[in-house]
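Fold and contact review
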Amino acid sequence: EPTGPVEESIAAWFKSQGRPVAFVDADLAQFTGAVTKDGTAIVSGGMDADAIWRTVGHEVAHRDGLDKILPADDAAVQDGMKARLARENNPKYKARLEADADLLAREARADMVGQFLSDPAFRDRLQQDKPGLWQKIKDFILKAIGKWTPKDDAARMVLDALRQSPEPAAIKGQAEVEE
């Protein structure tokens, strides 16, 4: 069960999509979230708001396939792969990631979506340096969120800003958008 306004907001979002979510007690060093084969999101309860949104963004990227469509040779994905390995605390899962480059790339892409939701500096850097990638992640998030509006003020402000943000072509020249 959700334990606080952020978890309640996330549960309401999943419910609005007809998708189940479960909040569980877990060792945060080993587990923050997962998606089951039937699409149920499992999220560790008791995390701070940024960590919860980062986890939800990550798991929704897996559930809805964004973890498969961003190019694996992109420098940002490559950097994300290195960072993911460096911070993986579960020895068994780290060994799986080291043995499976496709899985590692999918985790790195999903991490980017989670970071996009939770880290304004990351969003700003990506918008400046990689506007095409920024646009793909933004479009994915807005499609996944739909018209739903969170009760959580911080999350609502992020979504409002994304919904009102200009297209990259309006920010930079068109040639730079087509990376």
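Residues numbered from 1 in each chain as written. Predicted model: local features only at pLDDT ≥ 70, side-chain atom pairs only at ≥ 80, totals over all residues. Heavy atoms only, no water.

Here we come to empty space enclosed by the protein. Applying the stated criterion across every chain, the model contains 1 cavity of 30 Å³ or more. In this structure, the largest cavity spans a volume of roughly 60 Å³. Taken together, Trp13, Val56, Gly57, Val60, Val113, Leu117, Phe140, Ile141, Ala144 and Ile145 form the lining of the largest cavity. Elements represented by at least two residues in the lining of the largest cavity include exactly α2 (49-64), α6 (101-118) and α8 (131-145). With 4 residues, the top contributor of residues to the lining of the largest cavity is α8. (1 Å grid on protein atoms, 1.4 Å probe; cavity = no way out; pocket = protein on both sides within 12 Å on 5 of 7 lines; lining within 4 Å. Points joined across faces, edges and corners; volume = space filled by probe spheres on them. Helix = DSSP H or I, 4+ residues; strand = E, 2+ residues; numbered from the N terminus.)

Scanning the model with the defined rule gives 6 salt bridges in all. Salt-bridge contacts for Arg84 lead to Glu88; the nearest nitrogen and oxygen are separated by 3.1 Å. Accessibility expressed as a relative area gives 11% for Arg84, which makes it buried. A residue is classified by how much of its surface remains accessible, and Glu88, at 13% relative accessible area, is buried. One connected set of salt bridges, linked through shared partners, spans Arg84, Arg87, Glu88, Glu107 and Asp111. (Salt bridge = Lys/Arg side-chain N within 4 Å of Asp/Glu carboxyl O. Buried < 20%, exposed > 50% of the residue type's maximum accessible area, 1.4 Å probe, protein only.)

A few words now on helix α7 (residues 120-129). Of all the positions in α7, only Phe122, Arg123, Leu126 and Gln127 are classed as buried. Looking down the long axis of α7, one finds its buried residues gathered within 130° of arc, a one-sided arrangement. (Arc of directions from axis to C-beta.)

What follows covers the environment of Thr55. Along the chain, Thr55 turns up in helix α2. For Thr55, a relative accessible area of 7% gives the class buried. Sequence separation between Thr55 and Ala34 is 21 residues; the distance between their C-alpha atoms is 8.6 Å. Ignoring sequence-local partners within four residues, the contact set of Thr55 consists of Thr32, Gly33, Val43 and Met47. (Contact = heavy atoms within 4.5 Å.)

Before going further, it helps to spend a moment on the sheet that holds strand β1 (residues 21-24). If you trace the 3 strands from one edge of the open sheet to the other, you get β1-β3-β2, paired in mixed fashion. Unpaired on one side and paired on the other, β1 and β2 (33-35) mark the two borders of the sheet. Across this sheet, the average inter-strand angle for adjacent strands is 15°, counted without regard to direction. Relative to strand β3 (residues 41-44), β1 is paired through 4 bridges, and the arrangement is parallel. Note that in β3 the partner of Val24 across the bridge is Ser44. Here helix α1 (residues 5-16) sits on the sheet and contacts β1 and β3; the angle it forms with β1, its principal contact strand, is near 155°. (Pairing = 2+ DSSP bridges. Axes fitted to C-alpha atoms, helices over the stretch in contact; angles between N-to-C directions.)

Formed by 44 residues in total, the largest nonpolar core has its most connected members in Ile10, Trp13, Val56, Phe116, Ile137 and Ile141. Broken down by element, the residue count for this core peaks at 9 residues, all from α6. Ignoring any residue separated from it by four or fewer positions in sequence, one finds Val56 in contact with Ile10, Trp13, Phe14 and Val43. (Core = buried A, V, L, I, M, F, W, Y, C linked by side-chain atoms within 4.5 Å.)

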